[in-house]
Each structure stands twice: as C-alpha cells, then as structure tokens.
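Okay, here's what each chain looks like letter by letter:
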Amino acid sequence: MKMYAFPSFALFILIVGIRAVSVNVTHCKAEEAIFSDIMSGYNKHVRPCSNSHDPIKISVIFSLMNINELDELTGKFSVIGFFYISWSDPRLRWDPHNYDKVRNILLPQNLVWRPAIMLTNSFSRHHGLGNDEMVIHFNSNGHAVWNPGDVIETVCDVDVENFPFDVQTCKMTYVTWGYTITQMSFKMLSDEINLKYFSPHGVWDILDTYAYSQSEYNLDYVHFVVRLRRRSIFFLVNMLLPVMMLGILNIFVFMIPVAHGDRIAYTLSVHLAIIVFLTLVSENLPQTSKPNISIICYLLLSNVFLSAFIIIFTIIGLRIHRKSSKDVPKCIKSLVCVFRRCGRHSDEGSEKNDVMWKDAGKCFDRLCIFLFVTAFTLTNASFLFKMSRSI
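Residues numbered from 1 in each chain as written. Predicted model: local features only at pLDDT ≥ 70, side-chain atom pairs only at ≥ 80, totals over all residues. Heavy atoms only, no water.

## A word on the sheet that holds strand 11 (residues 219-230)
Turning to step 1, where the next piece is worked out: The strand order across the open sheet formed by four strands is 4-8-11-10, and the pairing between neighbours is antiparallel. One side of each edge strand has no neighbouring strand; the edge strands of this open sheet are strand 4 (117-119) and strand 10 (204-216). The mean angle between the axes of side-by-side strands here comes to 20 degrees, regardless of whether they run parallel or antiparallel.
Turning to step 2, where the next piece is worked out: Judged from the three bridges that link them, strand 4 and strand 8 (residues 167-176) form a sheet pairing that is antiparallel. Directly across from Leu119, in strand 8, lies its bridge partner Tyr174. (Pairing = 2+ DSSP bridges. Helix = DSSP H or I, 4+ residues; strand = E, 2+ residues; numbered from the N terminus. Axes fitted to C-alpha atoms, helices over the stretch in contact; angles between N-to-C directions.)

The structure is reproduced here in structure tokens:
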C-alpha cells in the first residue's frame, strides 16, 4: 500500500504544477489582449477626460527618503524621494471578465498620457518627472498610479545668522507644465510629506513638513516644504567650548605672581592659541554673509579682541607692579584704600601712608579680573542666547 502512495502524491504535484503554468500562460495572453485592445487607436498626446470643460484631477503624495546635502554657500538643497501620483484615464478601461479576470496591467510611461509636472525652483536644470524606463500601473477602471523617483536638487534660501542653532526652511515647487487650471489641477492626498521611508541625516533633523497646492497665473502649483534644524552638539564640543576655555585661561594671567612668572609669555601663548584654533575652525563656519553673517563669527571675533585687551592690560599692570621711583599719587592711594576697606575697616590716614606701587598693582589685577570676567560672561552669554532663540 505504501508503494502506491508516493506515485499518487507525485502525480498530484505534477498536475497542480501544470495547471499553475497554464494559468500563468493564460494570464500573460490576457494581458497581451488587454494591451492590444486598449492601445488600439489610443493617442497619448490627448488629455484624458470625460468632459472637456472639467480639469483632470491629479492626486499627489511625496515621500522623502534621504537628505543628500544642504550647502549654505550655494543654497543647494538635494534630496532623494519619490511621488505617488494618480489620475483616471477612461480610455484605458476594460472588463476583467472578458480577459480571464485580469484587473491590473503595467504600461510603459512613454506609451500613455501622463501629467507634465515640472520642478520650478530647480538648482541646475529644469526637467519633468520620470523617464521612459518607468511604468504606470492601470486597473480595469482606468485608474492610473505612477511612482516617479529622482534626486531632486532645488534652491533654498539659507539663513546662517543663528549658526549652529539655525533652522532652515526649504521648498520644492512643482507646476502643471503646459496645462492651465481649467485643464489640470492638483489634489493633495496629505497635507504633509510622507516620512515612512526616511533615513535620518547626520547634520540635519526634520522639525516638520507640510504640503499644499496653490493656483497662480492660471497655473496650478504644489509645494512641499521641509523645516530643518541643525544638530549643534558637534559644533558646541569642537568649536565653542574650546574657545571659551581658552578665554577663561587668558583671564587667569592676572593671578600669576609678578615675581615668579612671566605674564607676557603666558598671555601671548594663549592669544596665539586662540588665533590658531580660529584658523582651524574657520573651515566649519558658513562662508556666506547673505542675508546675514553668522553670529558665531562675531562671538569668536569678540574673544580675539578680549584677548588683545588682556595683553594690553597685562603690560600696564606689570609697569604698575615694577614702578618704585616715584611716590604713589593721592588719587591712586584713595582707590587702593577703597579696595582695602571692602574687606575690613581701618584708619584711612594710616592706609594712605602705607600704600605702595606694589599694592596698587594688586588692586589693578583684581579690577582687571572683575572687568574681564564680567565682559567675557556678558559677551558670550548674550551671543549664545541670541543664537539659541531659534531652538
């Protein structure tokens, strides 16, 4: 009994396989018949419509896949994405019951009518969507689905004033090329860009997106807008924090004892370190001043000026410390007494008699520390606050 079970099972598998192949062959022949029938007398240059007075509705969704780049200098915004575009062509209908219940067919886009959609704010050249290698899905009701994809390069107005906390808004605008709003119009299937297939970018985060259609100059436009925020942690760690640390180190020059350290060598070394570091980080700064130069450029420049003033005040302080040939003027003695009385109470007359140039130099150092710490704090805090307002 077992000897006859295996041949029966093999015969069953063979019959099922032959039947599946015959069904596939039948479907292929049915698709060929559909293609021959619906394309007979078809004119791809004529707009599909049931009523010549009604515009054909083009349904659109845009899916963003990748952000290639956003060049601050040239304003080039490059992304990779694809569209879902659908419309109805009543000339490409058929009855599935007459064609072995085949309800869908693929047709090359160069053989059928498709909407002429043009990118208006292209960075390099203007060209329409799709190419001859793409296909369009049609069902038996004449409903067409087209999914053209491409590398899209547009012009974006970049404002780097708040770099590296800047937020950029870039737009992709398409128009119904050659058709007026009475002949063809857009229908938005979603008021935002589809991010289901999006891969995160290393520099930019997407805050939000929106899409809308607009009629202007008897033409219909569709706009896809992306709001981007720069990831600033890299620039904070590698640019702002080192410059601030060097600025703080520069202020400590007034705490070095005059008799046991070379203040000039120290402050010049820190100043040169700031200059060299700024030369290195300048490659990461936005090299544009349109519409406004980056605030961080002013911040770095202000630290350079503070360092230069620290050098000047260091030289003045050394002259005060090492001055011993003349008596201390009464006005300087009064200022030194004021500084001394901030911490203790004593007789003003005896204090003035005890004041020497060394004491004046110590008071000058304290005054410089207070002034430069205040200037450094206010300058950096105000710039950082202004840059971070866009977050």
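## Things to note about helix 3 (residues 263-281)
Turning to step 1, where the next piece is worked out: Taking 1.5 Å of rise per residue, the 19 residues of helix 3 would be expected to cover 27 Å, and the 27 Å separating its terminal C-alpha atoms lies within 8% of that figure.
Turning to step 2, where the next piece is worked out: Those residues of helix 3 not exposed but buried are Arg263, Thr267, Val270, His271, Ile274, Phe277, Leu278 and Val281. When helix 3 is viewed along its axis, its buried side chains cluster within an angular range of 125 degrees and face the same direction. Residues of helix 3 that are exposed and point over 90 degrees away from its buried face: Leu272, Thr279 and Leu280.
Turning to step 3, where the next piece is worked out: Among the structural elements, helix 2 (233-251), helix 4 (295-321) and helix 7 (357-388) are those in contact with the buried residues of helix 3.
Turning to step 4, where the next piece is worked out: Near the N-terminus of helix 3, the side chain that reaches the backbone nitrogen of Ile264, with its oxygen 3.4 Å away, is that of Asp262. (Expected span 1.5 Å × (residues − 1). Buried < 20%, exposed > 50% of the residue type's maximum accessible area, 1.4 Å probe, protein only. Arc of directions from axis to C-beta. Contact = heavy atoms within 4.5 Å. Polar contact = N/O pair within 3.5 Å; in protein donor to acceptor, adjacent residues only side chain to side chain.)

## A few points about the state of the cysteines
Turning to step 1, where the next piece is worked out: Summed over the entire model, instances satisfying the criterion amount to one disulfide.
Turning to step 2, where the next piece is worked out: Disulfide pairing places Cys156 opposite Cys170 at an S-S distance of 2.1 Å. Judged by the torsion about the S-S bond (-80 degrees), the Cys156/Cys170 disulfide is left-handed. With a gap of 14 residues between them, Cys156 in the loop between strand 7 (149-155) and strand 8 and Cys170 in strand 8 connect regions that are remote in the sequence.
Turning to step 3, where the next piece is worked out: Cys170 gets classed as buried once you look at its relative accessible area, which sits at 1%. (Disulfide = S-S within 2.5 Å.)

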